[in-house]
Amino acid sequence: MKKHLYLILLTFFFLLIGCESKEEPIEFEEYTGRELNIGVVGDAPDVIEEQINFLTIDLGDLLITEGIENLDAIFIMQDYLIRASEAEYADVYKSSGIPFFFIESDKSYLPFVMEDFTYDNSFTVGEESYATGVYYTEDGEMTTWGFGLYNHEKNEKNIKEVYSRIFKKINEVK
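The shown structure was predicted, so the numbers you read here are calculated from the model rather than taken from an experiment. Residue numbers here run from 1 along each chain, matching the order of that chain's written sequence. Where totals are concerned, whole chains, interfaces and linings use all residues; where local detail is concerned, this predicted model gives features only for residues with pLDDT of at least 70, and gives and counts side-chain atom pairs only at 80 or more. To get the side-chain values, all heavy atoms of the structure are used, and hydrogens and water are removed first.

A.B. asks: Please give an account of the overall build of the protein that cites residues and values.
C.D. replies: Numbering of helices and strands runs from the N terminus; a helix is a DSSP stretch of H or I covering at least four residues, while a strand is a stretch of E covering at least two. Across its full length, the protein holds six helices and six strands. Ordered by position in the sequence, the α and β elements of the protein form the string α-β-β-α-β-α-α-β-α-β-β-α. The buried share of the protein, reckoned over its 174 residues, is 40%. Taking the contacts inside the protein whose residues are at least 6 apart along the sequence as the reference set, 58% of them involve residues at least 24 apart. Relative accessibility decides the category of a residue: with a 1.4 Å probe and only protein chains considered, values under 20% of the type maximum give buried, values over 50% give exposed, and everything between is partly exposed. Throughout, a contact is declared for two residues whenever any of their heavy atoms are within 4.5 Å.

Encoded structure:
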């Protein structure tokens, strides 16, 4: 009797494994809009889109603000996030009239726009966050975005998909 029970359980186990659903690969939409000129503090990301022009800038150049108004957006890469959260930059993010994206940030937008916050003392929004964006209109209205990786998996395809979504947002606001 025990033999039959083990055989039934074993058969049920193999049936269960055989019926396991296989996820269909997700097809991501790349950005197909107009050409974008994006300033990058740090190394420019590797993206699918060919109509994206990256211009490397120094973080300190943001304090001058001259010339950045001609850009569609600015990306601040992970290595510069702590410095970019210093109080002296908050006004730049609020008054420049262009969107800023803080890449590979697991923090909200707060340490970048609130003078009393820093990157180190701000709360973490979680591993699902890959990038945070903030945009102030000329009227001072703020829009923020959070971009996560598909299935929280950090791989080349998912990272490029995040950039495609960011480019779409830039195109919408500019």
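Past the structure itself, the notes keep going.
A.B. asks: Please give an account of the environment of Met77 that cites residues and values.
C.D. replies: Of note, Met77 is situated in the loop between strand S3 (73-76) and helix H3 (81-84). For Met77, a relative accessible area of 12% translates into the label buried. Residues in contact with Met77, not counting those within four places in the same chain, are Val40, Val41, Gly42, Asp43, Pro45, Ile103 and Tyr163.

A.B. asks: Explain helix H6 (residues 156-173) to me, using residue names and the numbers behind them.
C.D. replies: If you check H6, its first and last C-alpha atoms are 26 Å apart, about what 18 residues at 1.5 Å a residue would give, namely 26 Å. Regarding H6, the residues found buried are Asn158, Ile159, Lys160, Glu161, Val162, Tyr163, Ser164, Ile166, Phe167 and Ile170. Summarising the contacts, the buried residues of H6 are in contact with strand S1 (36-41), strand S2 (52-56), S3, strand S4 (100-103), strand S5 (131-136) and strand S6 (142-147). The span one expects for a helix is its residue count, reduced by one, times 1.5 Å.

A.B. asks: Can you lay out the packing of aromatic side chains for me, pointing to particular residues and giving the numbers?
C.D. replies: Ring pairs shown here join Phe, Tyr and Trp side chains whose ring centres sit within 6.5 Å, with only the six-membered ring taken for Trp; geometry is labelled stacked below 30 degrees between planes, edge-to-face above 60, and tilted in between. Following the criterion strictly, the structure yields 15 aromatic pairs and no others. Here the aromatic residues Tyr31, Phe54, Phe75, Phe101, Tyr130, Trp145, Phe147, Tyr163 and Phe167 are joined through ring pairs into a cluster of three or more. Lying over the aromatic face of Tyr119, Lys107 brings its terminal NZ or CZ to 5.4 Å of the ring centre. Placement of a positive charge over a ring is assigned whenever Lys NZ or Arg CZ falls within 6 Å of the ring centre and within 35 degrees of the normal to the ring plane.

A.B. asks: I'd like to hear about the side chain of Ser164, residue by residue, with values.
C.D. replies: Inspection of the secondary structure puts Ser164 in helix H6. On the accessibility criterion, Ser164 (1% relative accessible area) is buried. Side-chain polar atoms of Ser164 contact the side chain of Glu49, separated by 2.5 Å. Once residues within four sequence positions are removed from consideration, Ser164 is found in contact with Glu29, Glu30, Tyr31 and Glu49. A 3.5 Å cut-off defines polar contacts: any pair of N or O atoms within that distance qualifies, except that in protein one atom must be a possible hydrogen donor and the other a possible acceptor, and neighbouring residues in sequence count only when both atoms are side-chain atoms.

Functional significance is not addressed by these values, which are geometric in nature.
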